[in-house]
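A structural walkthrough
Each chain, letter by letter, is given below.
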Amino acid sequence: NIASGKYAEYFTPQALSSAIGKILVHMAPIEDTIYDIYDPSAGSGSLVLHLANELGNGKFGNKARVYTQDISQKSSRFLRINMLLNGLKESLENIVEGDTLVNPAHFKEKGDSTSGLKKFDYITSNPPFKTDFSFTRNEIEERWSTCSRFIDGVPEIPKKKKEAMPIYLCFIQHVLWALNDAGKAVVVPAGFLSIKDGIEEKIRRRIVNNGWLSGVIIMPRNTFANTATKVAVLFIDKSKWHQQAVLMDASGLGTLTKIGKNKRIILSEDDAASIVEGFFDKESSSTVITPLSEIALNGYSFIPGQYMKMKNYQNLLSEEEFRDKTLRFEEDYKILCQKEKESDSTIFSILAQVRSNIC
């Protein structure tokens, strides 16, 4: 992370990558097959390698074919080393350096058709959230205007702060485009869950209206080493039409730790386990199961807190019970006040004796 470079190469924390991999694998039964998994912004491979490991630990002893692309030469080299260390040398030829948005490597262009696109069973992506891609923005829009890859739009070039262009919106659309019909995906966006109008809402609307939304987890701020951006994890599942989604607020997990000159939240193995368990636990206080129809009526907002309701109403008091309870509190408080006065009197008396003895 110290040499993160110009491409926002933020290493995804191991605990978070592990939790995401476990959730993805447990979203549906694992079959006796080899899965094609993909990361279009792979970096050094933390997300995709944790997923490959989870698939490899299945009851069938599954293996995964890994496909990746990343614009950074340095990150791509690190990823190849990680592939070797994780016993995935047969997938080395699928590790590609290049600009995913302009030229997706695992796609063979056939005129204006998308029939040459390789679709994937699982996709993980922690893309750069904001960066200046004004030099390729128009090329991206023009080249892919005849297919549905960026159907919700490509961010415009601002007159100021070009470095704040929300490039992650293009990566989310690319993930939706590259998933097969039974695919699952996770994207780690920032500032995406509730922005009204614009490309953000169009993407959320499409995900909900197609029944693809499986879940959302809000992570703690300062989870990543070099950015304080609050991160959300978005789970997509095309294998069935979802009637409801799991919305989870995990922002309170982790331990604030000083690392060098900065402070960040460190997620422990227990925190990662809590995230996985909470995602599938319908009774978890941090999780709410929300119908997609309700999300649509709420402006397609994915923020869990907007759907949290009191789950236990049987302990509510009647007016008479509440009045009796407050009277008891009042009587108890009067007794405590009297005891406090008596204690003060005793203390002052002892202090007076101490002074007189000293004199």
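Relevant structure appears above.
Not measured: the values here are computed from a predicted model.

**Let's talk about the sheet that holds strand β3 (residues 95-97)**
The nine strands are arranged β3-β2-β1-β4-β5-β7-β6-β8-β11 in an open sheet whose pairing can be described as mixed. Lying at the two open borders of the sheet, with one neighbouring strand each, are β3 and β11 (287-291). In this sheet, neighbouring strand axes are inclined to one another by 15° on average, regardless of whether the strands run parallel or antiparallel. Of the strand pairs in this sheet, strand β4 (residues 120-125) and strand β5 (residues 179-187) are connected by five bridges, and their pairing is parallel. Counterpart to T124 in the pairing with β5 is V186. Contacts from helix α2 (residues 46-56) reach β1 (35-39), β2 (64-70) and β4, with the element oriented near 165° to β1. Relative to the sheet, helix α7 (residues 269-280) contacts β6 (213-218), β7 (232-237), β8 (244-249) and β11, its axis offset from that of β8 by approximately 145°.

**Quick word on the packing of helix α1 (residues 14-26) against α2**
Direction vectors running N to C along α1 and α2 enclose 45°, while the axes themselves pass 8 Å from each other. One finds that α1 runs oblique with respect to α2. α2 is crossed by α1, and the crossing has right-handed handedness. Packed against α1, whose contacting residues are Q14, S17, S18, I20, G21, K22, L24 and V25, the element α2 presents S46, L47, H50, L51, E54 and L55 at the interface. In the contact of α1 with α2, the residues fall into six nonpolar, six polar and two charged.

The rules behind the values
- Just so you know, the residues in each chain are numbered from 1, in the order the chain's sequence is written.
- Note on the predicted model: pLDDT of at least 70 is required for a residue's local features to be given, and 80 or more for side-chain atom pairs to be given and counted; whole-chain, interface and lining totals, by contrast, use all residues.
- Note: side-chain values were computed over all heavy atoms of the structure, leaving out hydrogens and water.
- Paired strands, as defined in this entry, are two strands with at least two bridges between them according to DSSP.
- Strands here mean DSSP runs of E at least two residues long; helices mean DSSP runs of H or I at least four residues long; both are numbered from the N terminus.
- Only the contacting stretch of a helix is used when fitting its axis, a line to C-alpha atoms as for every element, and angles between N-to-C directions run 0 to 180 degrees.
- Note on definitions: a residue-residue contact is assigned when non-hydrogen atoms from the two residues lie within 4.5 Å.
- Oblique is the label for any angle not covered by the other classes, which are roughly parallel (under 35 degrees), roughly antiparallel (over 145) and roughly perpendicular (65 to 115).
- Helix crossings fall into two classes, left-handed where the near helix is turned counterclockwise from the far one by less than a right angle and right-handed where it is turned clockwise.
- Each residue receives one of three labels: charged for Asp, Glu, Lys and Arg, nonpolar for Ala, Val, Leu, Ile, Met, Phe, Trp, Tyr, Cys and Pro, and polar for the others, Gly being one of them.

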